[in-house]
Amino acid sequence: MMKTNIRGYYSNLAESYDENRFGNTYGQYIDRQERTFLTSFFENKKYSKVLDLGCGTGRLLNFATHGTDFSEKMLAVAQQKYPDRTLAAGEISAIPFDEEFECIFCFHVIMHQDQEETKAFLKECHQRLTKNGILIFDYPVKTRKKSVSPQENWHAGNSFSASDIVQFSKENWKVKNTTGVLLFPIHRLPKSIRKFCLPLDILLCRTFLKNWASYHITVLEKI
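All of the points below concern the structure found in this document.

So, about the overall build of the protein. The helix and strand inventory of the protein stands at eight helices and seven strands. Partitioning the intrachain contacts of the protein with sequence separation of at least 6 by distance along the chain shows that 68% fall at a separation of at least 24. Element-wise, carbon and sulfur atoms account for 52% of the exposed surface of the protein, whose accessible area totals about 11,500 Å².

Here it is as structure tokens:
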């Protein structure tokens, strides 16, 4: 029922999703942090097959060759933006392509899963990656969840610590890097100054302070 509700929620938002979520200073702040990370990661990489898993309306498809999402309406918007990309409807634990990928990235999806679904996601990605393939994904940080006022269904109740990710992945993955996203409480700051906080936020999220960021981006290498 939860998955059906989430699919319906995003399908209903498909046409207005980009403007509603990333057409404001808060969404742009997150987008810039994620794009900064991906731009740095893919620099000098020569991957031929990269999958955006949970690609939505294609916000980050410029970094990928393939994309999948469980909402066909979101995919339709993505295909209009990137007609040259290979897209198909699917689940993060049931990737709808026969190819092996050198890199898979997955943003703003794990927050909607429970821990068992997250383990299934890690298993599926491991099977679909080439030898020494790379998986990149973000997740809500448990430390930050404890430090904010309790909210019902906060990030669908799915949050982790860096040690949790190590525990889940220790048999099949090597943790290469973990970076924070959204350290500052931007939603509480005046819109006029948010962009000036971004460079410092990015810098601090590479230090030990990343443990108090809203999200972590983790890079895993298949072993």
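Right, let's talk about the sheet that holds strand 2 (residues 66–69) for a bit. Spatially, 3-2-1-4-5-7-6 is the arrangement adopted by the seven strands of the open sheet, whose pairing is mixed. Strands with a single pairing partner mark the edges of an open sheet, and in this sheet they are strand 3 (86–89) and strand 6 (173–181). Within the sheet, the average angular offset between the axes of one strand and its neighbour, ignoring direction, is 15°. With respect to the sheet, helix 4 (residues 72–81) is in contact with strand 2 and strand 3, its orientation differing from that of strand 3 by roughly 170°.

What follows covers the environment of Tyr-82. Following the sequence through the fold, Tyr-82 ends up in the loop between helix 4 and strand 3. In this structure Tyr-82 comes out as buried when scored by relative accessible area, which is 19%. With 21 residues separating them in the primary sequence, Tyr-82 and Leu-61 have C-alpha atoms 7.5 Å apart.

A few words on the pairing of strand 7 (residues 215–222). Among the eight residues that make up strand 7, eight are buried, leaving the element largely enclosed by the rest of the structure. Both faces of strand 7 are covered, namely the face carrying Tyr-215, Ile-217, Val-219 and Glu-221 and the face carrying His-216, Thr-218, Leu-220 and Lys-222. Sheet topology places strand 5 (residues 129–140) next to strand 7; seven bridges connect them, and they run antiparallel. Within strand 7, the position partnered with Tyr-139 by the bridge is His-216. With eight bridges joining them, strand 6 and strand 7 adopt antiparallel strand pairing.

Moving on: the pattern of salt bridges. A complete count under the given rule lists eight salt bridges for this structure. Measuring nitrogen to oxygen at the nearest pair gives 2.7 Å for the salt bridge that ties Arg-85 to Asp-84. Residue Asp-84 is classed as exposed on the basis of its relative accessible area, which comes to 57%. Between Lys-119 and Glu-116 there is a salt bridge, with the nearest N and O atoms lying 3.6 Å from each other. Residue Lys-119 and its partner Glu-116 are both found in helix 5 (residues 115–128); the two are separated by three residues, about one turn of the helix. Relative accessible area serves as the criterion here: at 56%, Glu-116 is assigned to the exposed category. Connected through shared salt-bridge partners, Asp-31, Glu-34, Arg-35 and Arg-59 make up one network.

Criteria and cut-off values
- Residues numbered from 1 in each chain as written.
- Predicted model: local features only at pLDDT ≥ 70, side-chain atom pairs only at ≥ 80, totals over all residues.
- Heavy atoms only, no water.
- Helix = DSSP H or I, 4+ residues; strand = E, 2+ residues; numbered from the N terminus.
- Contact = heavy atoms within 4.5 Å.
- Areas by Shrake-Rupley, 256 points an atom, 1.4 Å probe, with all protein chains shown as cover.
- Pairing = 2+ DSSP bridges.
- Axes fitted to C-alpha atoms, helices over the stretch in contact; angles between N-to-C directions.
- Buried < 20%, exposed > 50% of the residue type's maximum accessible area, 1.4 Å probe, protein only.
- Salt bridge = Lys/Arg side-chain N within 4 Å of Asp/Glu carboxyl O.

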